[in-house]
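# Geometric and topological summary
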Amino acid sequence: MAQVTLKGNPVEIGGTLPTAGSQAPAFTLVGEGLTDTSLKDFAGQRKVLNIFPSIDTPTCATSVRTFNAKASALENTVVLCISADLPFAQARFCGAEGLDNVKTLSTLRGRDFHNAYGVSIDNGPLAGLTARAVIVLDENDTVLHTELVAEIADEPNYDAALAALN
């Protein structure tokens, strides 16, 4: 079990973060229109999994905006923004912000994702949500880069994540 902090307070994280060189675990999450969306739906593309607690928090919103801005320059790459938010809230946020270079996915019917990807917040005020993490996959779903952000309120290292695609 990993540990991170939320505003300096320890938070236990369940599951195991995939390691570089390993095969990414399969998942099915909820996409736009409440459709089941799986990792296989993005076969042949490189993937940046931007995982966070809720799009309705300032740091999470910033990470979605930042990856949206950087995603337009990435070839054969999709940025998947994954949170517990309902697809309606995710779509409303992206629509209001004019963000069209990212795809949002909800863990609404994909709770096994939390442990499979090592991002399950197991205690504290955000228990039941996902920790902040970035996982980069190649076209074959091999893990190229992982970051479990040590302080949930901090942004991920965007440059390190995107460098893994070079």
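Scroll up to find the structure this text is about.
### Regarding the pairing of strand β9 (residues 133–137)
In terms of burial, β9 is a largely internal element, 5 of the 5 residues being buried. Where strand β5 (residues 46–51) meets β9, 5 bridges bridge the pair, whose relative direction is antiparallel. In the sheet register, asparagine 50 faces β9, and the bridge partner there is valine 134. Here β9 folds back onto strand β10 (residues 143–148) in antiparallel fashion, the turn holding 5 residues, of which aspartate 141 has a positive phi close to 65°.

### Structural notes on the pattern of salt bridges
Taken as a whole and judged by the stated rule, the model has 3 salt bridges. In this structure, aspartate 141 and lysine 47 form a salt bridge, with 3.0 Å as the shortest nitrogen-oxygen distance. Here the residue aspartate 141 occupies a position in the loop between β9 and β10, and lysine 47 occupies one in strand β5, the gap between them amounting to 94 residues. Taken as a pair, aspartate 141 and lysine 47 share a single burial class, namely buried.

### What to know about the packing of aromatic side chains
Overall, the coordinates contain 4 aromatic pairs when judged by the stated rule. When the centroid spacing of 5.9 Å and the interplanar angle of 70° are considered together, the rings of phenylalanine 27 and tyrosine 117 count as edge-to-face. Of this pair, phenylalanine 27 sits in the loop between β2 (9–14) and β3 (28–30) while tyrosine 117 sits in the loop between α3 (112–116) and β8 (120–121); the two residues are 90 residues apart in sequence, bridging distant segments of the chain. Each member of the pair, phenylalanine 27 together with tyrosine 117, is buried. Here the aromatic rings of phenylalanine 67 and tyrosine 158 are separated by 5.1 Å at their centres, their planes lie at 75°, and the arrangement is edge-to-face. Residue phenylalanine 67 is located in helix α1 (residues 58–71), and its partner tyrosine 158 is located in helix α4 (residues 158–163); the two are separated by 91 residues in the primary sequence. Among the residues examined, phenylalanine 67 registers a relative accessible area of 0% and is labelled buried. Connected via pairs of aromatic rings, a cluster forms that spans Phe27, Phe113 and Tyr117.

Each value, and the rule that gives it
Residues numbered from 1 in each chain as written. Predicted model: local features only at pLDDT ≥ 70, side-chain atom pairs only at ≥ 80, totals over all residues. Heavy atoms only, no water. Buried < 20%, exposed > 50% of the residue type's maximum accessible area, 1.4 Å probe, protein only. Helix = DSSP H or I, 4+ residues; strand = E, 2+ residues; numbered from the N terminus. Pairing = 2+ DSSP bridges. Salt bridge = Lys/Arg side-chain N within 4 Å of Asp/Glu carboxyl O. Phe/Tyr/Trp six-rings, centres within 6.5 Å; stacked < 30°, edge-to-face > 60°.

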